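Listed here are the chains, written in short residue letters.
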Amino acid sequence: MAIPEQFIDELVARSEITEVVSSYVRLTRKGNNDWGLCPFHNEKTPSFSVSREKQIYHCFGCGKGGGVISFIMEIENLPFVEAVRFLAQRAGMEVPETGENEGYRRRRERLLALNKEAARFFHETLKSPSGGAGAEYLFGRRGLSKGTVTRFGLGMAPDGWDNLIQAMGAKGFSKRELLDAGLAVDSKKGRIYDRFRNRVIFPIIDLRGEVIGFGGRVLDDSTPKYLNSPDTPVYNKSRNLFALNIARKSKQGRIILTEGYMDTISLHQAGFDCAVASLGTSLTQEHAQLLSRYTKEAIIAYDGDGAGVKAAQRAIPILEQTGIQVRVLRVTGAKDPDEFIKTYGPEAFGRLLNQSENHIEYRLRQIAAQYDLSDDQQKVEYLRSAAEMLSTLPSPVEREVYGVRVAQQTGLSADTMAREIQQAYNRRVKKAKKQQERRDLTPTLQLQPKERGLRYENFRSARAEEGVLRLMLLEPGLFREAERMGLTAEQFSAPLLGRVYGLLYQRFRSGGSTQLAALAGVLTPEEMSHMVQILEEPEDLAHSQQALRDYIGVIETEAVKRKAGSEQDPLLAAREKFREKKAYGG
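What you are looking at is a predicted structure, and each value in this text was computed from that prediction instead of being measured.

Peer 1: Mind laying out the overall build of the chain, listing which residues take part and the relevant values?
Peer 2: In terms of helices and strands, the chain carries 26 helices and 16 strands. Dimensions along the principal axes, computed over C-alpha positions, put the chain at roughly 90 × 75 × 50 Å. Burial status across the chain gives 49% buried among its 586 residues. For the chain, the proportion of contacts with a sequence separation of at least 24, taken over those separated by at least 6, is 63%. Accessible surface computed for the chain: about 29100 Å², of which carbon and sulfur atoms make up 48%. Charge centroids of the chain, computed over 84 positive and 76 negative side chains, lie 1 Å from each other.

Peer 1: Lay out the environment of Val84 in plain terms, naming residues and giving numbers.
Peer 2: Looking at the secondary structure, you find Val84 in helix 4 (residues 80-91). In sequence terms Val84 and Lys64 are 20 residues apart; their C-alpha atoms lie 19 Å from each other. In this structure, Val84 is in contact with Ile3, Phe7, Ile8, Leu11, Ile69 and Val95, ignoring residues within four places of it in sequence.

Peer 1: Summarise the pairing of strand 12 (residues 255-258); cite the residues concerned and give the values.
Peer 2: Residues of strand 12 alternate between two faces, with Ile255 and Leu257 on one and Ile256 and Thr258 on the opposite face, all of them buried. Judged from the 3 bridges that link them, strand 12 and strand 14 (residues 297-300) form a sheet pairing that is parallel. Within strand 14, the position partnered with Ile256 by the bridge is Ile299. This β-α-β element, strand 12 to helix 11 (residues 261-269) to strand 13 (residues 275-277), shows right-handed connectivity.

Peer 1: Describe the packing of aromatic side chains, with residues and values.
Peer 2: Enumeration over the complete set of coordinates arrives at 26 aromatic pairs. Centroid distance Phe242 to Tyr261: 4.9 Å. Interplanar angle 85°. Geometry classified as edge-to-face. Of the two residues, Phe242 sits in the loop between strand 11 (226-228) and helix 10 (244-247) while Tyr261 sits in helix 11, which places them 19 residues apart along the sequence. Each member of the pair, Phe242 together with Tyr261, is buried. Geometrically, the ring pair formed by Tyr501 and Tyr505 is stacked, given 6.1 Å between the ring centres and 10° between the ring planes. On the criterion of helical spacing, the pair formed by Tyr501 and Tyr505 is a turn pair, its members being 4 residues apart in helix 23 (residues 495-510). One aromatic cluster in this structure is built from Tyr24, Phe40, Phe48, Tyr57 and Phe71. Arg191 extends its terminal NZ or CZ atom over the ring of Trp161, reaching a point 4.9 Å from the ring centre. When the ring centre of Tyr425 is taken as reference, the NZ or CZ atom of Arg399 above it lies at 4.2 Å.

Peer 1: Give a description of helix 12 (residues 285-292) that names residues and reports values.
Peer 2: For helix 12, the buried fraction is high: 6 of the 8 residues fall into the buried class. Where helix 12 is concerned, the buried positions are His287, Ala288, Gln289, Leu290, Leu291 and Ser292.

Peer 1: Which residues make up the pairing of strand 4 (residues 56-59), and what values go with them?
Peer 2: Of the two faces of strand 4, the one holding Ile56 and His58 and the one holding Tyr57 and Cys59 are both buried throughout. Judged from the 4 bridges that link them, strand 3 (residues 48-51) and strand 4 form a sheet pairing that is antiparallel. Bridged to Ser51 within strand 4 is Ile56. Remark: 4 residues form the turn of the hairpin made by strand 3 and strand 4, two consecutive strands paired antiparallel; Gln55 in that turn has positive phi of roughly 55°. Both strand 4 and strand 5 (residues 65-66) contribute to a ladder of 2 bridges, which runs antiparallel. Each bridged residue has a counterpart across the sheet, and for Tyr57 the counterpart in strand 5 is Gly66. In this structure, the hairpin formed by strand 4 and strand 5 is closed by a connection of 5 residues, where Gly63 is found at a positive phi of approximately 90°.

Peer 1: So what's going on with the packing of helix 3 (residues 68-75) against helix 4? Residues and values would help.
Peer 2: Taken N-terminus to C-terminus, the directions of helix 3 and helix 4 make an angle of 105°; their axes are 9 Å apart at the nearest point. Put simply, helix 3 runs roughly perpendicular to helix 4. Of helix 4, the residues touching helix 3 (which contributes Val68, Ile69, Ile72 and Met73) are Phe80, Ala83, Val84, Phe86 and Leu87. A breakdown of the residues in the contact of helix 3 with helix 4 according to their chemical character gives 9 nonpolar, no polar and no charged.

Peer 1: Explain the sheet that holds strand 13 to me, using residue names and the numbers behind them.
Peer 2: Within the open sheet, the 5 strands sit side by side as 13-12-14-15-16. Their pairing is mixed. The two strands at the open ends of the sheet, each matched to only one other strand, are strand 13 and strand 16 (357-358). Across the face of the sheet, helix 11 comes into contact with strand 12 and strand 13 while running at roughly 170° to strand 13.

Peer 1: Which residues make up the confidence of the model for the chain, and what values go with them?
Peer 2: Averaged over every residue, the pLDDT of the chain is 88; the share at 70 or more is 92%. Confidence scores differ between elements of the chain, with helix 26 (residues 570-583) showing the lowest mean pLDDT of 51 and strand 6 (residues 155-157) the highest of 97. Low pLDDT, under 50, characterises residues 579-586; the predicted model gives this stretch 5 contacts beyond four residues in sequence or across chains.

Peer 1: Outline the pattern of salt bridges, listing residues and values.
Peer 2: Under the counting rule described, the total for this entry stands at 33 salt bridges. With its nearest N and O atoms 2.7 Å apart, the salt bridge here joins Asp9 to Arg507. Here the residue Asp9 occupies a position in helix 1 (residues 5-14), and Arg507 occupies one in helix 23, the gap between them amounting to 498 residues. We classify Arg507 as buried; its relative accessible area is 2%. One salt-bridge network, in which partners are shared between bridges, spans Arg463, Glu466, Arg470, Glu537 and Glu539.

Peer 1: Could you give an account of empty space enclosed by the protein, with specific residues and numbers?
Peer 2: Counted under the stated rule, the structure contains 2 cavities of 30 Å³ or more. Of all the secondary-structure elements, those providing two or more residues to the lining of the largest cavity are helix 7 (146-152), strand 9 (199-205) and helix 10. Class assignment of the residues belonging to the lining of the largest cavity gives a composition of 6 nonpolar, 1 polar and 1 charged. Lining the second largest cavity are Thr258, Asp263, Ser266, Leu267, Ala301, Asp303, Pro337 and Asp338. Counting only elements with at least two residues in the lining of the second largest cavity, the list comes to helix 11 and helix 14 (337-344). When residues in the lining of the second largest cavity are grouped by element, the largest group, 3 residues, is from helix 11.

Definitions and limits used
- Residues numbered from 1 in each chain as written.
- Predicted model: local features only at pLDDT ≥ 70, side-chain atom pairs only at ≥ 80, totals over all residues.
- Heavy atoms only, no water.
- Helix = DSSP H or I, 4+ residues; strand = E, 2+ residues; numbered from the N terminus.
- Buried < 20%, exposed > 50% of the residue type's maximum accessible area, 1.4 Å probe, protein only.
- Contact = heavy atoms within 4.5 Å.
- Areas by Shrake-Rupley, 256 points an atom, 1.4 Å probe, with all protein chains shown as cover.
- Lys, Arg positive; Asp, Glu negative; His and termini not counted.
- Charge placed at Lys NZ, Arg CZ, Asp CG, Glu CD.
- Pairing = 2+ DSSP bridges.
- Right-handed = clockwise from strand over helix to strand, strands pointing away.
- Phe/Tyr/Trp six-rings, centres within 6.5 Å; stacked < 30°, edge-to-face > 60°.
- Lys NZ or Arg CZ within 6 Å of the ring centre and 35° of its normal.
- Axes fitted to C-alpha atoms, helices over the stretch in contact; angles between N-to-C directions.
- Parallel < 35°, antiparallel > 145°, perpendicular 65-115°, else oblique.
- Nonpolar A, V, L, I, M, F, W, Y, C, P; charged D, E, K, R; others polar.
- pLDDT = per-residue confidence, 0-100.
- Salt bridge = Lys/Arg side-chain N within 4 Å of Asp/Glu carboxyl O.
- 1 Å grid on protein atoms, 1.4 Å probe; cavity = no way out; pocket = protein on both sides within 12 Å on 5 of 7 lines; lining within 4 Å.
- Points joined across faces, edges and corners; volume = space filled by probe spheres on them.

Here it is as structure tokens:
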């Protein structure tokens, strides 16, 4: 771990979880826990629980869970070390800059400094004779003002293989650092060259104002048209949005989602400072969660071509899951928002935004476009497709209102359409019920981890392993009993559970904290959420030692079975193992 365990333990101790969470979520005390609306998904009834005793949070709706560091990583969109810095500043602590942590900090600072210098180099190049083509594109063809170009730090990567490498080398940056920052590429022959060449450059700036990556657009017909920085230690395209650093301060009360850098920049220049764009990737759940912190309404302003329609269709449910109200812009009289604004002006575009379709209208229109409604057979297929889509709406009012609209559009009676929607809805409910019944008849499926990568191969042993970990987390003194009985991480059948036991045992032996929150730096969010679910299951501590012995007995028996395989009767092997333990006073 990059940061000393002792510091993590003290930081967790000083960062009482309900105090931290309550600065983001309104909590109400009920029973032993505090409850509120989950900040990670949309809900009307509180299912987000915070335990002061266990120092964990757990949403019974979306399944997310963890300790105080995990919460800050999730809510602030930060990697582990930066979340630790965030909490340390809040607690008035100074993160120790020694060993691995000092190396991490220096590397990160060097990469950010390199990106900043590279952005300056590109910007200065744009103003020089070698940036003429870029200037013609930005100022001439796209009509950007000098103020807009400066505000977004736009630049130009000159033609040539190593202009940036040479310029940054003169400032003391190594080729290794250029590779780590994604600014240079290592060819198969061992040659290093600039990633961005003869392209207009768009710096990507995070919420803290740091340059974390770049996008580059060609000025001719070469491919790819857009080239983006790869993921680096300071940049993750799935967790950042272009221009969100500006849009989050907007007073317009909504976010406009566009497909690219220029669309976003053009909207900002026209006065719509709430526009953002994803970075060379489809909208992700992380993007949507990030947006939900700053807005309750998003207008999708993607292109109207096939790719744009598909991207909008994918984005709608992702945004909806976070509670964002989704609408879709329908541009008429122009190919895109930029052309519309240039032709009709910003005020007309503002009116167009206000007339945006809600996502239901948009989806119905897209379905209708697939059919010839003058043909009776195709009309029937359209009605069935529309009914199927409307049956997914959670509100019966919405299903009725839009059902009536579809009926009027096709000359069908409202009652007939309502029956078609109800039948589709009933089929959906029946299918869901059957799936639930199958799960109910197979309890092991219910108890398996949600993440496929964490599924148990030996369910009986894994459930006992869960019990051991739950007891250890609730009553750390039981580690001595487990140690006396000779329990080892190697006996665990589930890799995650064995690893967690090993980590907690090491912490216990060294006198460190065995709270689950202390493992935020070594467990993934999915692993942490699963461990929280294990910890939240009921456990009777009145007879904890006997429970521990029972759990360990199951683990050892199953471990012997796995080891013996077909070579030995597993029951005899388990019995022999038990006799050996008794002989040594176990």
